[in-house]
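A structural walkthrough
Residue strings, one per chain:
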Amino acid sequence: MKIDFQAPEFIANPYPVYAQLREQSPVYLLEPKVWLVTRYHDAEYLLKSPLLDKDIPSAFNQRYGRNMNDEPVYRMHNDFWASMNSPSRRKLVVKALNAGKMSDLRVLAQESAKQLVDKWITRKQADLMQVFACPFPVQVICNLLNIELEQSLDFLAEIKLIARSGEPKLLDATELETSNAAALRLDSFFRKICRERRKQPGDDLISQLLTAEEDGECLSEDEIISNLIILFMAGYGTTANALCNILRLLFLYPDQRELLLAKPELLTCAVEEGLRFSTSAPITFFVAVESFELQGVQIASGDTIYLALDSANHDPEIFVEPDRFWIDRPPTVKKLLSFGQGSHYCLGAKLGVLMLEVALETLFRRLPNLTIDNVEQLTWEPTWVFKSLESLPARW
Ligand code: HEM
């Protein structure tokens, strides 16, 4: 079976192809030594098993054919993975992230949403991706860190430059130079703030990371800085795109939007169903640490395994009528896989859901006449690794 994963038809609607793959070729050879796993049970099994590892630094080195630790942007990735791959160091980041109360976070997110909507509500039309979905999570994370959004850097622009380094397409020399420059600017910005917070700690996430300690272990300054930058990277695009994807679904299926407006208590279910149906991070990848067999296919140690989380989320073995967007769908025994599972489960899952809830609640309350232009013809960014609309033109 030959599949063009870059084809616009696949990017817009991958589910018929995924159904065929789950049926006929559940462990599919993407290219030599690179596999795609599409069934829920297989993806869940692998996410929880020690057969796979997230050795991203080696994967970068292998893909570029040289040691990428010499490049500032990849050194930052490596420092981040040093803490994510060590259970005790990862625990320190989790501890710092969970130090604030969720109720406080909700108030903080509501305040951020209000400030943003106030800026453009009188305009009556805009691209919701630009004016709201992208800046909203950045503003919430800035609040969490207690840093001013417009302090001295355009965070969104800098993070977008850095995010390119995590995409499957290799960076050319100019792109690498641009990403490195952004990494260095953010590095010196956060290094200065870390020094200030060491002298004068507060109850923000940076101060929590600086003081987090367990069994005599704490995070190095390089690790803290890379974690702060990657938290932005991992948290802003995923949340912004998830918000646009959910809004698109709610306008594509007006009966579901009306149901939500009539029963606001379904908000959490609507967010969950949106994340199941059209998640913003549809693929994750790992490296096999030993050889093993899956569905009759022999996988060698060192092979790369892509897990199609959105295919798993549409697996009829788990979800009744999986291709139906259904905000009050009957509960399933198994969880959606949009945040992964196991030792690398998304660190910001709770925060992401909270931001999506606050964003939807704010938009529907403040813009009661909200409509999306040509909702059936919206176009997708040309990548299957992120599920991302190009824009979300709206009026109210
Ligand atoms: C709706 C929004 C979000 C979605 C759909 C999402 C999805 C994911 C997925 C699929 C993974 C990979 C899991 C794996 O490979 O096993 C992940 C990891 C991660 N996410 Fe999220 N995420 C979201 C929001 C956030 C937010 C808001 C933050 C932080 C502020 C965040 C921080 C992280 C981090 C640090 C990791 C790496 C964890 C590790 O490898 O140990 N995410 N996320």
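Residues numbered from 1 in each chain as written. Predicted model: local features only at pLDDT ≥ 70, side-chain atom pairs only at ≥ 80, totals over all residues.

**A word on the overall build of the protein**
For the protein, the helix and strand inventory stands at 17 helices and 10 strands. Here the C-alpha atoms of the protein give a radius of gyration of 21 Å, agreeing with the 21 Å that 2.2 N^0.38 yields for 396 residues. Reported as C-alpha extents along the three principal axes, the dimensions of the protein are approximately 55 × 55 × 40 Å. Buried positions account for 37% of the 396 residues belonging to the protein. Contacts spanning at least 24 positions in sequence make up 70% of the contacts within the protein whose residues lie at least 6 apart. (Helix = DSSP H or I, 4+ residues; strand = E, 2+ residues; numbered from the N terminus. Rg over C-alpha atoms; globule rule 2.2 N^0.38 Å. Buried ≥ 20, exposed ≤ 12 C-beta atoms within 10 Å, placed from the backbone. Contact = placed C-beta atoms within 7 Å.)

**Points about the environment of Ala82**
Counting through the fold element by element, Ala82 comes out in helix H5 (residues 72-84). Since 18 C-beta atoms lie within 10 Å of it, Ala82 is described here as partly exposed. When the C-alpha positions of Ala82 and Glu223 are compared, they lie 7.7 Å apart, and in sequence the two are 141 residues distant.

**Quick notes on the pairing of strand E8 (residues 304-308)**
The buried fraction of E8 amounts to four of the five residues, a majority that puts the element mostly inside the structure. Judged from the four bridges that link them, strand E2 (residues 34-37) and E8 form a sheet pairing that is parallel. Within E8, the position partnered with Val37 by the bridge is Leu307. As paired strands, strand E5 (residues 283-288) and E8 are joined by five bridges and run antiparallel to one another. Paired with Phe286 across the strands is Ile305, a residue of E8. (Pairing = 2+ DSSP bridges.)

**Considering the sheet that holds strand E10 (residues 393-395)**
Pairing within the open sheet is antiparallel, and its three strands lie in the order E4-E10-E9. At either margin of the open sheet sits one strand with a lone partner, and together these are strand E4 (125-127) and strand E9 (371-372). Two elements, E9 and E10, share two bridges in a ladder whose sense is antiparallel. Note on E10: the bridge partner recorded for Thr371 is Arg395.

**Looking at the pairing of E5**
Taken together, the two bridges between strand E3 (residues 52-53) and E5 define a ladder with antiparallel strand orientation. Bridge pairing links Leu52 to Ala288 in E5.

**Concerning unusual backbone geometry**
A positive phi angle, close to 70°, is found at Lys33, a residue other than glycine. Turning to its location among the elements, Lys33 is positioned in the loop between strand E1 (27-31) and E2. Phi at Asn374 takes a positive value of approximately 45°, unusual for a residue other than glycine. Here Asn374 lies in the loop between E9 and E10.

**Observations regarding the site of the ligand**
Among the 25 residues in the neighbourhood of the ligand, the closest are listed as Gly235, Gly340, Cys346, Gly348 and Gly352. At the level of elements, helix H13 (221-252) and helix H17 (349-366) are the ones that each hand at least two residues to the shell around the ligand. Tallying contributions element by element places H13 first for the shell around the ligand, with six residues. Within the shell around the ligand, the residues separate by chemical class into 12 nonpolar, 11 polar and two charged. (Near = placed C-beta within 6 Å. Nonpolar A, V, L, I, M, F, W, Y, C, P; charged D, E, K, R; others polar.)

**A few points about the packing of H13 against H17**
Each pair of packed helices can be described by the angle between their axes along with the distance between the axes. Where H13 meets H17, the axes come as close as 10 Å, and the angle between the chain directions of the two elements is 45°. Relative to H17, the element H13 lies oblique. Handedness of the H13/H17 crossing: right-handed. Side by side, H13 and H17 meet where Gly235, Thr238, Thr239, Ala242, Leu243 and Ile246 of the first sit next to Gly352, Met355, Leu356, Ala359 and Leu360 of the second. Residues that form the contact of H13 with H17 fall into these classes: seven nonpolar, four polar and no charged. (Axes fitted to C-alpha atoms, helices over the stretch in contact; angles between N-to-C directions. Parallel < 35°, antiparallel > 145°, perpendicular 65-115°, else oblique. Left-handed = near helix turned anticlockwise from the far one by under 90°.)

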